[in-house]
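Single-letter residue listing:
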Amino acid sequence: MTQEPQGAVIEVRDLHKALGGRPVLRGVNLRVRRGEIFVVLGRSGGGKTVLLKHLVGLLRPDRGEVFIEGTEITRLPERALDRVRLRMGMLFQEGALFDSLTVFENVAFPLREHTRLSFREIRRRVRECLKMVGLRSEEVEGLYPEALSGGMKKRVALARALALRPQIVLYDEPTSGVDPAMGREIHGLIARLSRELEVTSVVVTHDWESAFPIADRVALLEGGRIAAEGPPEEFQASEDAAVRAFLQRDS
């Protein structure tokens, strides 16, 4: 097994991917340190979600490598890849809750699929996860997704992502579809959970204004490559043309 690069829990090397004949990733390189909140910024359709799907093995690259805790995952067979995924949680852009399942059943789903916990243990874990994200289980666990607000759906989806107690959590546009106040609240929740649970977090977003306060480091994905990277305060003060163009366009 390849050794984990020093200080890095995720490493991407020269990642290339084309979709429908259109190059999306053109040689992405990045390293995410253990325990940090790493924010990837970029315009809509610029490849952020495609990059995130490579980190969890939902897409295979045309060229390049992805290391998760020292394991190169791009060529792993599906069963071995599933074992890596169990150490990761993912919050999808629209939440991806199952409409036909209650809140309780949605959060319990990965526990029933991947563990042998008893019903009592699953119930305890579900309620623990709902509490982590600021929801009262007695008020929401019997509801279906259609009865939830956009912010509540995000919280339930995050509770589900945390159910297997992952070491890495990936967030795909966690503030899409919610108002700015809720966006700040969700990013604050990400920061709190990252600290309390000691997980590594990768957040892809265009919402830099509410993401900057929680980020340890920020990277800009532009033209299929990482155009700039650094602490948020340096990023915001950067004179780099790509950075200035992105911040001014999205301000």
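Residues numbered from 1 in each chain as written. Predicted model: local features only at pLDDT ≥ 70, side-chain atom pairs only at ≥ 80, totals over all residues. Heavy atoms only, no water.

K.L.:
Help me understand the environment of serine 149 in this model?
P.N.:
In this fold, serine 149 is placed in the loop between α5 (137-140) and α6 (150-162). It is 9.3 Å that separates the C-alpha atoms of serine 149 and valine 178, two residues lying 29 residues apart in sequence. (Helix = DSSP H or I, 4+ residues; strand = E, 2+ residues; numbered from the N terminus.)

K.L.:
Please clarify how the pairing of strand β7 (residues 168-172) should be interpreted in this entry.
P.N.:
Successive side chains on a regular strand alternate, one facing one side of the sheet and the next facing the other. Among the 5 residues of β7, 5 are classified as buried, and the element is accordingly described as predominantly covered. Residue alternation in β7 divides its side chains into two sets, Ile168, Leu170 and Asp172 and Val169 and Tyr171, and both sets are buried. Summarising the sheet, strand β6 (residues 88-91) and β7 pair through 4 bridges and their orientation is parallel. Note on β7: the bridge partner recorded for methionine 90 is leucine 170. In this structure, β7 lies alongside strand β8 (residues 200-205), joined through 5 bridges in parallel fashion. Within β8, the residue paired with tyrosine 171 across the bridge is valine 203. Handedness of the β7-helix α7 (residues 180-197)-β8 crossover: right-handed. (Buried < 20%, exposed > 50% of the residue type's maximum accessible area, 1.4 Å probe, protein only. Pairing = 2+ DSSP bridges. Right-handed = clockwise from strand over helix to strand, strands pointing away.)

K.L.:
Is there a simple way to explain the packing of helix α3 (residues 103-114) against helix α4 (residues 119-132) in this structure?
P.N.:
The axes of two packed helices give the description: the angle between them and the distance between them. Orientation of α3 relative to α4, taken along the N-to-C sense of each, is 120 degrees, at an axis distance of 9 Å. It follows from the interaxial angle that α3 and α4 lie oblique. Once α3 is placed against α4, the crossing between them reads as right-handed. Note on element contacts: α4 touches α3 through Phe119, Ile122, Arg123, Arg125, Val126, Cys129 and Leu130, opposite Val103, Phe104, Val107, Ala108, Leu111 and Arg112. (Axes fitted to C-alpha atoms, helices over the stretch in contact; angles between N-to-C directions. Parallel < 35°, antiparallel > 145°, perpendicular 65-115°, else oblique. Left-handed = near helix turned anticlockwise from the far one by under 90°. Contact = heavy atoms within 4.5 Å.)

From the geometry alone we can't say anything about function, so treat these as descriptive.
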